Amino acid sequence: MVKNQWKPYDEQKVQQEKQLRHMISFAYENVPYYHRLFKELNLSPEDIRTIEDLEKLPILTKDIIKSNWEDFKPATLSSMKYYEQATGGSTGTPFKYRLLKSDRFLSAALLYRGWGYAGYELGDKMAFLAGSSLGVGTKSVLDKKIHEVTRNIRKLSSFDMGENDMKQYNDILNSFQPKSIRGYVSSIYFYAKWLQENDIKIHNPDYVFTTAEKLLPHMRETIGNAFECDVFDAYGLNDGGLGAYECPEHNGLHIDIERSIMEIVDDNESQIDEGTGDILATSLNNYAMLFIRYQTGDMGHIIEDSCGCGRESKLLKEVVGRQQDMLQTPEGKYVHGAFFNSYLFGNINGVIEFQVIQKSLEKIVIKLVLSEDFDEKQLESMLSIVKSKSQKWDVEFKLVDHIERTKAGKYKFIVSEI
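Residue numbering note: each chain is counted from 1, following its sequence as written. Where totals are concerned, whole chains, interfaces and linings use all residues; where local detail is concerned, this predicted model gives features only for residues with pLDDT of at least 70, and gives and counts side-chain atom pairs only at 80 or more. Only heavy atoms go into the side-chain values, all of them from the structure, while hydrogens and water stay out.

Peer 1: Which residues make up the side chain of R98, and what values go with them?
Peer 2: The way it works is that DSSP assigns letters per residue, a run of H or I at least four long becomes a helix, a run of E at least two long becomes a strand, and they are numbered from the N terminus. Tracing the backbone through its elements, the reader meets R98 in strand β2 (residues 95-100). For the buried R98, no salt bridge is present, and the opposite-charge side chain at shortest range is E84, 6.5 Å distant. Within the local environment of R98, its side chain forms a polar contact with the backbone oxygen of F72, the two atoms lying 3.0 Å apart. By the criterion applied in these results, polar contacts are pairs of N or O atoms within 3.5 Å in which, for protein atoms, one can donate a hydrogen and the other can accept it, and in which residues neighboring in sequence qualify only through two side-chain atoms. At 2.9 Å, the side chain of R98 forms a polar contact with the backbone oxygen of A288. Residues are treated as being in contact if the distance between any of their heavy atoms lies within 4.5 Å. Ignoring any residue separated from it by four or fewer positions in sequence, one finds R98 in contact with W69, F72, K73, P74, L77, Y82, Y83, N286, A288 and M289. The buried label goes to any residue with under 20% of its type's maximum accessible area, the exposed label to any with over 50%, and the partly exposed label to all in between, with areas taken from a 1.4 Å probe on protein chains only. Neither His nor the chain ends is counted toward charge; the positive residues are Lys and Arg and the negative residues Asp and Glu. For this analysis, a salt bridge means a side-chain nitrogen from Lys or Arg found within 4 Å of a carboxyl oxygen belonging to Asp or Glu.

Take a look at the structure:
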């Protein structure tokens, strides 16, 4: 992977399309949904040979996958080693998928390579300030300790960011002295503002890695000033297999090509090389659950430009519309919005869509669109999970038929009105 980053783009594209043809043949021969789709469209695997040929196929949505769940199981699934994963996604729709173990291993290699653009080397000390999507708060105390020691990292939770929590984080960072800090944009930004407002000096890392949300210019500036270092943004989507990382030139995010194909399409679902559009993902290695032209729910701005660093990969200028809000408790703590994805709706069956609205410090309204098989007894469990963050929160569940969308057909699943 490290060698690949310096190859000419044309050479990278040849390898990418070679793997695409292999995956298309695999999908046609082994996945019932795709075999049926190709027959309905009067297409054969030979018709999809290049990235441009993908336009012959329709966009794949989460609803299509859910409605055809059994038909997305490849005939060879029983012989595969895979993980069962779940994500709430940036659109607030709970979604489950399978991830081949070797594909997850590849994603880790690409992640380390992306950090390497900034200067990271395997074994460097790193502190995380995030939630479960980055592996924080998902393990037992013993497992967490083993994981921290073996990877030379420390994990700080973005779900608990009260005054005492952040003072404890200061002690950990000053003692551990990480070379880098990585986490959710809003969490690191909130922590950086707190450091500045309280005039607190802390061990300065060499760089900060942000991900999961949109990094706005004022956020980058605040984080960089608070930690006195450079800030590197990244974009990742595990279910779609996408990844893009910033280099020291800060000319955009270099798009990975080995694990998936990223398309940016306009309103007519046509590929564009310049401008803003919907981000689609096509799996190149996840045989356990192959997605072709998968609608990620994100929008991206792609640019036709070359980077001074020498890497010829395509550049993603920015990701649009992936912001999550922080919620505030009456006790003065802050809770990252991803908490509801990870700890609430990730473990509840029968929730089609949700939206969490903070009306005031004390009032939380949770809108739910439910399926017929939802067991209302789960509401008690859901209430208990939310109350674990603040007993003073007045939580109201509203059962609705639909959740209002924006003009772009999306909605924020976390809304703070304070």
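Peer 1: A description of the packing of aromatic side chains should follow, citing residues and the corresponding values.
Peer 2: Any two rings among Phe, Tyr and Trp, with Trp reduced to its six-membered ring, count as a pair given centres within 6.5 Å; such a pair is stacked if its planes are under 30 degrees apart, edge-to-face if over 60, and tilted if neither. Under the counting rule described, the total for this entry stands at 21 aromatic pairs. Both rings, one in Y33 and one in Y34, keep their centres 5.3 Å apart while their planes meet at 75 degrees; by these two values the pair is edge-to-face. For the pair Y33 and Y34, one class covers both residues: buried. Taking the centre distance of 5.3 Å and the plane angle of 50 degrees together, the rings of Y207 and F209 count as tilted. Here the aromatic residues Y112, W115, Y120, Y207, F209 and F232 are joined through ring pairs into a cluster of three or more. Only lysine NZ and arginine CZ atoms are considered, and such an atom sits over a ring when it is within 6 Å of the ring centre and within 35 degrees of the ring normal. Taking the ring centre of F95 as reference, the NZ or CZ of K62 above it sits at 5.4 Å. Lying over the aromatic face of W69, R98 brings its terminal NZ or CZ to 5.3 Å of the ring centre.

Peer 1: Lay out the pairing of strand β8 (residues 242-246) with the relevant residues and their values.
Peer 2: Burial analysis of β8 places five of its five residues in the buried class, which makes it a mostly covered element. By the alternation rule, side chains of β8 split into L242, A244 and E246 and G243 and Y245, which are all buried. Inspection of the sheet shows strand β7 (residues 230-237) paired to β8 by four bridges, in the antiparallel sense. Opposite Y235, over in β8, you have A244 as the bridge partner. A loop of four residues connects β7 with β8, the two strands running antiparallel in sequence, and G241 in this loop sits at a positive phi of about 80 degrees. Strands qualify as paired when DSSP identifies two bridges or more between them. Bridge count for β8 against strand β9 (residues 253-255) is three bridges, and the pairing is antiparallel. By the bridge assignment, Y245 is partnered in β9 with H254. Once β8 ends, the chain turns through six residues before running back antiparallel as β9, passing H250 with a positive phi of about 55 degrees.

Peer 1: Quick one: what's the story with the environment of G123, residue by residue and with numbers?
Peer 2: Counting through the fold element by element, G123 comes out in the loop between α4 (101-116) and β3 (126-130). On the basis of relative accessible area, G123 is assigned to the partly exposed category, the value being 45%. Along the chain, G123 and I153 lie 30 residues apart, while their C-alpha atoms are 8.9 Å from each other.

Peer 1: Provide a residue-level description of the sheet that holds strand β13 (residues 315-320), including the pertinent values.
Peer 2: Pairing is mixed across the open sheet formed by 11 strands, whose spatial order is β4-β3-β5-β6-β7-β8-β9-β13-β12-β11-β10. Sheet topology places β4 (153-157) and β10 (260-265) at the edges, where each strand pairs with a single neighbour. Strand after strand, the sheet turns through a mean of 35 degrees between neighbouring axes, direction not considered. Direction of pairing for strand β11 (residues 275-283) relative to strand β12 (residues 294-303): antiparallel, over a ladder of six bridges. Orientation is described by lines fitted to C-alpha atoms, with helices fitted over the stretch in contact, and by angles between N-to-C directions that extend from 0 to 180 degrees.

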